[in-house]
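Residue strings, one per chain:
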Amino acid sequence: PDLTSTPNFVVEVIKDDTKQTLVLDCHYPEDEVGHEGEEESDIFTIREVSFQPTGESDWKDTNYTLNTDSLDWALYDHLMDFLADRGVDNTFADELIELSTALEHQEYIKFLEDLKSFVKCQ
């Protein structure tokens, strides 16, 4: 079977005039990947949304995080449109899958080569 890498990814949106960063935690649902040719639908979803302080390397667990399962569908669609307007759309998501899969394949080959040389009897 072909291995396809579908990494979770985080989008951070920073506005110059605020001290907050909008953070959108995205992932690929298992049932959406590889369904080309079907009606146009998003191949990734937003799992969580939060605000974090701009410039902080460690996010605060105490900040409220909204799980999108309980989000109104119209607001969710607006968030997806917001991402698409910034270039985070199905094209981006497909390219991320391609890049991640190529990297994963490369690492897999290297691992097998290292494993072979490690267990090789001399």
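These lines cover the structure that appears in this document, whether it is placed above or below. Positions within a chain are numbered from 1, following the residues in the order the chain's sequence is written. Local features in a predicted model are, by the rule used here, given only for residues with pLDDT of at least 70; side-chain atom pairs are given and counted only at 80 or more, and totals for whole chains, interfaces and linings are based on all residues. For side-chain calculations, the full set of non-hydrogen atoms in the structure is used, while hydrogens and water are omitted.

## With respect to the overall build of the protein chain
Within the protein chain, the secondary structure is distributed over two helices and four strands. Each helix is a run of H or I in the DSSP string that is no shorter than four residues. Each strand is a run of E no shorter than two, and both are numbered from the N terminus. The linear arrangement of helices and strands in the protein chain, starting from the amino end, is β-β-β-β-α-α. Only C-alpha atoms enter the radius of gyration; for comparison, a globular chain is expected to reach 2.2 Å times N to the power 0.38, where N is the number of residues. Over its C-alpha trace the protein chain gives a radius of gyration of 19 Å, far above what one expects of a compact globule, namely 14 Å for 122 residues. C-alpha extents for the protein chain along the principal axes are approximately 65 × 40 × 25 Å. Buried residues in the protein chain amount to 26% of all 122 residues. Note on classification: 1.4 Å probe, protein chains only; a residue is buried when its accessible area is under 20% of the maximum for its type, exposed when over 50%, partly exposed between these limits.

## Examining the sheet that holds strand β4 (residues 65–67)
If DSSP finds at least two bridges between two strands, the strands pair. Read from one edge to the other, the open sheet built from four strands follows the order β1-β2-β3-β4, with strand pairing classed as antiparallel. Single-partner strands in this sheet number two, and they are β1 (9–14) and β4. With direction set aside, neighbouring strand axes in the sheet form an average angle of 20 degrees. Relative to strand β2 (residues 20–27), β1 runs antiparallel, the two sharing six bridges. The residue of β2 that forms the bridge with Phe9 is Cys26. Lying over the sheet, helix α1 (residues 73–85) contacts β1, β2 and β3 (45–53), oriented at roughly 75 degrees with respect to β3. Axis definition: a line fitted to C-alpha atoms, over the contacting stretch in the case of helices. Angles run 0 to 180 degrees between N-to-C directions. Whether two residues touch is decided by their heavy atoms; if any such pair falls within 4.5 Å, the residues are in contact.

## Quick look at the nonpolar core
By size, the foremost hydrophobic cluster in this structure holds 20 residues, and its most contacted members are Leu24, Phe44 and Ile46. Mapped by element, the contributors of at least two residues to this core are β1, β2, β3, α1 and α2 (90–119). Looking at this core element by element, the count peaks at four residues for α1. Beyond its immediate chain neighbours, meaning those up to four positions away, Phe44 contacts Phe9, Cys26, His27, Tyr28, Pro29, Tyr76, Met80, Leu83, Val88, Asp89, Asn90 and Ala93. Note on terminology: a nonpolar core comprises buried Ala, Val, Leu, Ile, Met, Phe, Trp, Tyr and Cys residues joined through side-chain atoms within 4.5 Å.

## Notes on the packing of aromatic side chains
Between 30 and 60 degrees the pair is tilted, below 30 it is stacked and above 60 it is edge-to-face, where a pair is any two Phe, Tyr or Trp rings, Trp via its six-membered ring, whose centres lie within 6.5 Å. This structure, assessed with the given rule, holds three aromatic pairs. Centre to centre, the rings of Phe9 and Tyr28 are 5.9 Å apart; their planes meet at 55 degrees, and the pair counts as tilted. With Phe9 in strand β1 and Tyr28 in the loop between β2 and β3, this pair connects stretches of sequence that are 19 residues apart. Judged by its relative accessible area of 9%, Phe9 falls in the buried class. On the basis of relative accessible area, Tyr28 is assigned to the buried category, the value being 5%. An aromatic cluster is defined as three or more aromatic residues linked by ring pairs; in this entry it consists of Phe9, Tyr28, Phe44 and Phe92. To sit over a ring, a charge needs its Lys NZ or Arg CZ within 6 Å of the ring centre and within 35 degrees of the ring normal. Positioned above the aromatic ring of Phe82 is the side chain of Arg86, whose terminal nitrogen or guanidinium carbon lies 3.6 Å from the ring centre.

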